[in-house]
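# A closer look at the structure
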Amino acid sequence: MHKSSWQNRRHGRRSHSQNPWFRQHGSNERHNAEAQQSPRHSSHCDDEAPSTSSGTAGSSSVPDLPGYYYDPEKKRYFRLLPGHNNCNPLTKESIRQKEMESKRLQLLEQEDKQGKKIARLGFNASSLLQKSKLGFLNVTSYCRLAHELRVSCMQRKKVQIQSSDPSALASDRFNLILADTNSDRLFTVNDVKVGGSKYGIINLRGLKTPALRVHMHENLYFTNRKVNAVCWASLNHLDSHILYLLAEETLYLTVLNSFSRLCLMGIAETPGCATLLPASLFVSSHPAGGDRPGMLCSFRIPGAWSCAWSLNIQANNCFSTGLSRRVLVTSVVTGHRQSFGTSSDVLAQQFALMAPLLFNGCRSGEIFAIDLRCRNQGKGWQATRLFHDSAVTSVQILQEEQCVMASDMAGTIKLWDLRTTKCIRQYEGHVNEYAHLPLHVHEEEGIVVAVGQDCYTRIWSLHDAQLLRTIPSPHPTSKADIPSVAFSSRLGGFQGAPGLLMAVRQDLYCFSYS
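Residues numbered from 1 in each chain as written. Predicted model: local features only at pLDDT ≥ 70, side-chain atom pairs only at ≥ 80, totals over all residues. Heavy atoms only, no water.

When helices and strands are counted, the chain shows six helices and 30 strands. Every one of the 514 residues in the chain was classed for burial, and the buried ones make up 47%. Across the chain, every contact between residues at least 6 apart in sequence was considered, and the portion connecting residues at least 24 apart equals 49%. Approximately 27,400 Å² of the chain is accessible, and the part contributed by carbon and sulfur atoms is 51%. (Helix = DSSP H or I, 4+ residues; strand = E, 2+ residues; numbered from the N terminus. Buried < 20%, exposed > 50% of the residue type's maximum accessible area, 1.4 Å probe, protein only. Contact = heavy atoms within 4.5 Å. Areas by Shrake-Rupley, 256 points an atom, 1.4 Å probe, with all protein chains shown as cover.)

Shown next as structure tokens:
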């Protein structure tokens, strides 16, 4: 009896193994068991490195285990916990960084191979010329579309920078570049390797193809404090000075007491200030017979976030600074100040040229205009009020002063009609989460330029918000290496060609019209 029952059980197991349904079911169970055991095996040090070019960490075919990353190419789990005794430590940030780097390299390779790019489908040089001859395009539309076509065909070329101190060029990193009105000079703020910042002016008159060579003129001014904002100032003549804001600095003084322990003895605070630096202090930054060296002026202004210089005749020789919950308008000649209280920190400013208005962008997302004819003790000085959903980082007034463009820390770029106080256009694709990033508007070419926190430079059409081009950074993406750009229709002066300058790390690149 026992023998027959044992034969029946053996026969049942044999029949199950011959049934294809049971074979498939058993293989799935073994696969799941191996997937659950693989995290334990991945904790040991082995020679196999995980692949991060396959996509996101999770996959729809395998369970998502907390603290582990599943690699579809290796078909196994890898530990994500930092500090673990593992020869292949991974973090989600490192995986995301490697994916972004792979994407950047692919875009750079595509740009090098594909010399001519099409910004809009169906538009090229021959079709534009033919439509213009047939009368389908007026002169304004033809020039705008021709500019868009040439922007999409700009190619990257490295600029050779000459300086009296070549060793400094190899170590100092570009933090900011700012072109003057005529685009023949470029003011630079460079981060020094030992700490701090120094300033320079690049003469762009030698920026001509095929040999792109420029000369860097430096001075002895050096600061160990952060530069919050910079703009060109026209005190003696057009762009005769540079106005920049230095952040406050706090030094903690500590000494050793009798028990050999550090004790806080006091705090030394250096207040923030606004400084007017004459451009003539930079050697040979002006042609022969230029102006004499001017005087450096400094104004004690604590906690300033932004600055702007006025070219309006009703606020002549004045500059504004955006502070925490306050706006100051200061006269350089008399030193007189007007103060306007606000409800938030002012992060962006620009004076209107014709109307006596000062536009301000706040951390709260509010954009308002100050009527400069009203005194600080008067009422009704707020002329216009607009609202974003995030902190406003840049405000640009268009030439006819009927529209204003603003960008915020949520990556939103909007064009506002000041007559109706409504958003008439929005530009998609800009990336920003918390950085104070500028916005560049060029109406002559009809384009908008902005560098995102992902280190990509994007160019839009001003008229219909079409994204014309996305330029990857020549260097690996990093929050500390966001490129600084300057676009001009006349790079190097009145005889120059339109193009884009990009400064990142120690290098300067030129994207010129071909």
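The next thing to look at is the sheet that holds strand β15 (residues 318-331). With antiparallel pairing, six strands are arranged side by side in an open sheet as β14-β15-β16-β17-β18-β19. Single-partner strands in this sheet number two, and they are β14 (304-309) and β19 (382-387). Put simply, the sheet's adjacent strands are angled 45 degrees from each other on average, direction ignored. In terms of strand pairing, β15 meets strand β16 (residues 337-351) through six bridges, oriented antiparallel. Its bridge partner lying in β16, Thr330 is registered against Arg337. (Pairing = 2+ DSSP bridges. Axes fitted to C-alpha atoms, helices over the stretch in contact; angles between N-to-C directions.)

Turning our attention to the nonpolar core. Membership of the largest hydrophobic core comes to 18 residues, with the highest contact counts inside it found for Ile202, Leu207 and Val214. When residues of this core are traced back to their parent elements, those giving at least two are β3 (155-162), β4 (173-179), β7 (213-223), β29 (499-504) and β30 (507-512). Apart from the residues within four sequence positions on either side, Val214 is in contact with Val159, Gln160, Ile161, Gln162, Ile202, Asn203, Leu204, Leu207 and Leu508. (Core = buried A, V, L, I, M, F, W, Y, C linked by side-chain atoms within 4.5 Å.)

Here the focus is unusual backbone geometry. The backbone of Asn317 sits at a positive phi, close to 55 degrees, despite the residue not being glycine. Relative to the helices and strands, Asn317 resides in the loop between β14 and β15. Phi is positive for Arg505, close to 55 degrees, though the residue is something other than glycine. Mapping Arg505 onto the fold places it in the loop between β29 and β30.

Here we come to the pairing of strand β23 (residues 422-427). Examined bridge by bridge, strand β22 (residues 413-417) and β23 share five bridges and lie antiparallel to one another. From the neighbouring strand, Trp416 faces β23, where its bridge partner is Cys423. The antiparallel hairpin formed by β22 and β23 contains four residues in its connecting segment, where Thr421 sits at a positive phi of about 50 degrees.

Topologically, Asp507 is positioned in strand β30. Asp507 gets classed as buried once you look at its relative accessible area, which sits at 15%. Among the polar contacts made by the side chain of Asp507, one reaches the side chain of Lys158 at a distance of 3.4 Å. Within the structure, Asp507 has its side chain in polar contact with the side chain of His475 (distance 2.9 Å). (Polar contact = N/O pair within 3.5 Å; in protein donor to acceptor, adjacent residues only side chain to side chain.)

Turning our eyes to something else, we now look at the pattern of salt bridges. Taken as a whole and assessed by the stated rule, the structure comprises 14 salt bridges. The partner of Glu101 in a salt bridge is Arg104, and the shortest N-O contact between them spans 2.7 Å. On the criterion of helical spacing, the pair formed by Glu101 and Arg104 is a turn pair, its members being three residues apart in helix α3 (residues 92-113). By the burial criterion, Glu101 is buried, and Arg104 matches it. For Asp507, the salt bridge is made with Lys158, and the minimal N-O distance between the two is 3.4 Å. A residue pair is termed long-range when its members are at least 10 positions apart, and Asp507 in strand β30 and Lys158 in strand β3 qualify at 349 residues. Among the residues examined, Lys158 registers a relative accessible area of 51% and is labelled exposed. Three or more residues are tied together by salt bridges with common partners; here these are Asp172, Lys198 and Glu218. (Salt bridge = Lys/Arg side-chain N within 4 Å of Asp/Glu carboxyl O.)

What follows deals with the confidence of the model for the chain. Across the chain, pLDDT averages 78, with 73% of residues at or above 70. Considering only residues more than four positions removed or in separate chains, one finds that residues 252-260, a stretch of pLDDT under 50, has 17 contacts. The model gives residues 285-292 a pLDDT under 50, and that stretch makes 14 contacts with residues more than four places away or in other chains. (pLDDT = per-residue confidence, 0-100.)

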